[in-house]
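In case you want the letters, here they are:
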Amino acid sequence: VADTAALFLDSKRRPRLRRCAVLFLDLLGVGDMARGPDAGEHLLAISRAVSGSYRDFLSAESPWPAALFSDTLVLAAPIVGPSREAAAVLGLVEQAALLELELVAQGLFARGGLAVGEFHIHNGLIFGGALVDAYQLESQGAVHPRIVLADAAVECLRGAPEAQEASLLLCDADGRSFVDYLSRLFDEPADPRPRLRAHRKAVVDKLVLHAGERRRWEKYRWVAEYHNAVTADRLPREARLRIAPQHLGSKFQSFPAGCAAGTDHTASGPRQTP
Amino acid sequence: MSPAPRRRAPRPKSPDGRAYPAHLRRYEPLDDELLALVGDLEPVTFDRLSSRVGDAGTLAVLPRWLASARWRGLVDESASRGGQPRSYRLAATAAPGARRAPRG
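Calculation rules
Residues numbered from 1 in each chain as written. Chains lettered and ligands numbered in written order. Predicted model: local features only at pLDDT ≥ 70, side-chain atom pairs only at ≥ 80, totals over all residues. Heavy atoms only, no water. Helix = DSSP H or I, 4+ residues; strand = E, 2+ residues; numbered from the N terminus. Contact = heavy atoms within 4.5 Å. Areas by Shrake-Rupley, 256 points an atom, 1.4 Å probe, with all protein chains shown as cover. 1 Å grid on protein atoms, 1.4 Å probe; cavity = no way out; pocket = protein on both sides within 12 Å on 5 of 7 lines; lining within 4 Å. Points joined across faces, edges and corners; volume = space filled by probe spheres on them. Buried < 20%, exposed > 50% of the residue type's maximum accessible area, 1.4 Å probe, protein only. Pairing = 2+ DSSP bridges. Buried area = accessible area lost by both parts, 1.4 Å probe. Salt bridge = Lys/Arg side-chain N within 4 Å of Asp/Glu carboxyl O. Polar contact = N/O pair within 3.5 Å; in protein donor to acceptor, adjacent residues only side chain to side chain. Nonpolar A, V, L, I, M, F, W, Y, C, P; charged D, E, K, R; others polar. Axes fitted to C-alpha atoms, helices over the stretch in contact; angles between N-to-C directions. Parallel < 35°, antiparallel > 145°, perpendicular 65-115°, else oblique. Left-handed = near helix turned anticlockwise from the far one by under 90°. Phe/Tyr/Trp six-rings, centres within 6.5 Å; stacked < 30°, edge-to-face > 60°. pLDDT = per-residue confidence, 0-100.

Novice: Even after reading the chapter, I still don't get the overall build of chain B, so can you show me in this structure?
Specialist: On a plain count of helices and strands, chain B comes out with four helices and three strands. Of all intrachain contacts in chain B linking residues separated by at least 6 positions in sequence, the fraction that spans at least 24 positions is 61%. Only carbon and sulfur atoms are counted for the fraction: they give 51% of the accessible area of chain B, which is about 5400 Å².

Structural data, given as structure tokens:
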């Protein structure tokens, strides 16, 4: 059990840092959800994803201490002995993949960073270099709805046979390693196709919802490309599981009917009509 | 008279026809320890089970061992109910250390 007092307090009950693998996760769109008319429904969806389906990621008896604040989830895997770094990172990657699958089942997507270093979590206080590294990875390195690994975390896994044989990681075009959560579905005896169809629907819903907001739309376009890459690789004959190209291309419309006012954010932007 | 050839047990298949993933064999040596634990605690949630696993290496691969055991029909999973996470119990055919997927 993650007895955080034993792990993160010294003999005089003073907080102390421990070496951990740390996941910093940002749930996308929660700001809008919290202020919208369906805030109660969104709260239930988050609760179901985080504690009501696969496991309770916030459980007090979990070996992976966690904290959730609004749209931010922090999950840690304490490194409890020499040469245990790979196990900690591997375990956290596995948990991250399972968590992403639970979030997607509720229509939620996340962006995150996974780092290794000094960390403290006890009684609601979280602190440490690994937390800062994981946050910076999430906010600057991830860019898309993906969980990226710090170089130190990747190094921990290089010699681990479990990571070589059946990796839950993929390398993206920018060289970043990220958690390949959809591949986790193929480890299970249950047919992965219903969940892949649900994933496709969740992504298409987001693409349609954000069709007029380029920055947000691009995030889900990346998820669509990831979805199509995994389904093409794992189920090459099931083309219907992929997201159709019509959802992935830019749509150009005639001027001026398709142009919206107020999109120019420069100082010399459009004049406001009195 | 030569002995009858040993019949090879069928390799586990999923309901949709996929073969048992070869990389999950790596976790079969954990059967004795973890099946006994599931049997002691059943029905048991992932969190309760993981809280009883002391070794960090075993803990890291517990989800993969559960997947392996479910493929081989040793552990059953029940759906989550009433806001509670899903739980696991030994399948009727399972005994600690029992049934390993045949090689090949």
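Back to the text.
Novice: I'm lost on empty space enclosed by the protein in this one. Help?
Specialist: One way to see where empty space is left: roll a probe the size of a water molecule over the atoms. For the structure shown, the criterion picks out two cavities of 30 Å³ or more. Put simply, the largest cavity is a space of about 60 Å³. Residue lining of the largest cavity: eleven residues in total, with Leu90, Val93, Ser167 and Leu168 of chain A together with Arg64 of chain B positioned closest to the centre. Counting residues per element, the ones that place at least two in the lining of the largest cavity are helix 4 (85–105) and helix 7 (161–165) of chain A.

Novice: Quick question: what am I supposed to make of the pairing of strand 1 (residues 18–27) of chain A here?
Specialist: Consecutive side chains of a regular strand alternate in pointing toward one face of the sheet and then the other. Residues and elements named next belong to chain A. The buried fraction of strand 1 amounts to eight of the ten residues, a majority that puts the element mostly inside the structure. Bridge count between strand 1 and strand 4 (residues 110–122): ten bridges; the pairing is antiparallel. What sits directly across from Leu25, in strand 4, is Gly112. With seven bridges connecting them, strand 1 and strand 3 (residues 72–78) associate as antiparallel partners.

Novice: Before we go on, may I ask you to explain the interface of chain A and chain B in this structure?
Specialist: Where the parts come together, the accessible area they lose is often given as the size of the interface. Facing the 36 residues of chain A at the interface are 31 residues of chain B. Taken together, the two surfaces of chain A and chain B that pack against each other cover about 2800 Å², and 51% of this comes from carbon and sulfur. Linking chain A with chain B are five salt bridges, by the criterion used here. For Arg70 of chain B, the salt bridge goes to Glu188 of chain A, with nearest N and O atoms at 2.2 Å. At the boundary of chain A and chain B, one finds 14 residue pairs in polar contact (both at pLDDT 80 or more). If you list the elements that add at least two residues to the side of chain A that touches chain B, you get helix 4 and helix 7 of chain A. In terms of residues, the side of chain A that touches chain B owes the most to one element, helix 4 of chain A, which gives seven residues. Here the residues of the side of chain A that touches chain B are counted per class, giving 15 nonpolar, eight polar and 13 charged.

Novice: What exactly am I supposed to notice about the packing of helix 8 (residues 193–209) of chain A against helix 9 (residues 214–234) of chain A here?
Specialist: Angle between the axes and distance between the axes: these two values describe a pair of packed helices. All names here are of chain A. Look at helix 8 against helix 9: their axes get within 9 Å of each other, and the N-to-C directions meet at 155 degrees. Regarding the angle of helix 8 to helix 9, the classification is roughly antiparallel. Crossing of helix 8 over helix 9 shows left-handed handedness. Residues Leu196, His199, Arg200, Val203, Lys206 and Leu207 of helix 8 lie in contact with helix 9, whose contacting residues are Trp217, Tyr220, Arg221, Val223, Ala224, His227 and Thr231. Partitioned by chemical class, the residues of the contact of helix 8 with helix 9 number seven nonpolar, three polar and three charged.

Novice: What should I look at first to understand the packing of aromatic side chains in this one?
Specialist: Working definition: an aromatic ring pair is given by the centre-to-centre distance plus the angle between the planes. Tallied over the entire structure, the rule returns ten aromatic pairs over all chains. Aromatic side chains Trp64 of chain A and Phe46 of chain B sit 6.1 Å apart centroid to centroid with 15 degrees between the ring planes, which places their arrangement in the stacked category. Linking Trp64 of chain A in the loop between helix 3 (39–51) and strand 2 (66–69) with Phe46 of chain B in helix 2 (residues 46–51), this pair reaches from one chain into another. Across this residue pair, the class does not change: Trp64 of chain A and Phe46 of chain B are buried. Ring geometry for Trp222 of chain A and Tyr226 of chain A: centres 5.7 Å apart, planes at 15 degrees, overall stacked.

Novice: It is not clear to me how the sheet that holds strand 1 (residues 44–45) of chain B should be interpreted in this structure. Could you clarify?
Specialist: Residue and element names in this part refer to chain B. The antiparallel open sheet is built from three strands, whose spatial order is 1-3-2. Every interior strand has two partners, whereas the edge strands, strand 1 and strand 2 (75–78), have only one. Sheet topology note: the strand 1/strand 3 (residues 87–90) ladder contains two bridges and is antiparallel. Note on strand 3: the bridge partner recorded for Val44 is Tyr88. Here helix 1 (residues 31–41) sits on the sheet and contacts strand 1, strand 2 and strand 3; the angle it forms with strand 3, its principal contact strand, is near 110 degrees. Strand contacts of helix 4 (residues 62–71): strand 2 and strand 3, with the helix running at about 105 degrees to strand 2, the strand carrying the most contacts.

Novice: I tried to follow the confidence of the model for chain B on my own but got confused; where do I start?
Specialist: The predicted coordinates of low-pLDDT regions are not to be read in fine detail. Residue and element names in this part refer to chain B. Per-residue confidence for chain B averages 83 on the pLDDT scale, and 80% of its residues sit at or above 70. At the low end of the mean pLDDT range in chain B sits helix 3 (residues 56–60), at 90; at the high end sits strand 3, at 96. For this predicted complex, the interface score ipTM comes out at 0.85, alongside a pTM of 0.87.

Novice: Honestly, the pattern of salt bridges in this entry has me stumped. Any pointers?
Specialist: Where side chains of opposite charge bring their charged atoms close, a pairing between them can arise. Tallying each qualifying case throughout the model produces 27 salt bridges over all chains. With a closest N to O distance of 3.4 Å, Arg86 of chain B and Glu102 of chain A form a salt bridge. Of this pair, Arg86 of chain B sits in the loop between strand 2 and strand 3 while Glu102 of chain A sits in helix 4, placing the two residues on different chains. Overlapping salt bridges bring together Glu94, Arg184 and Glu188 of chain A together with Arg64, Arg70 and Glu77 of chain B as one network.

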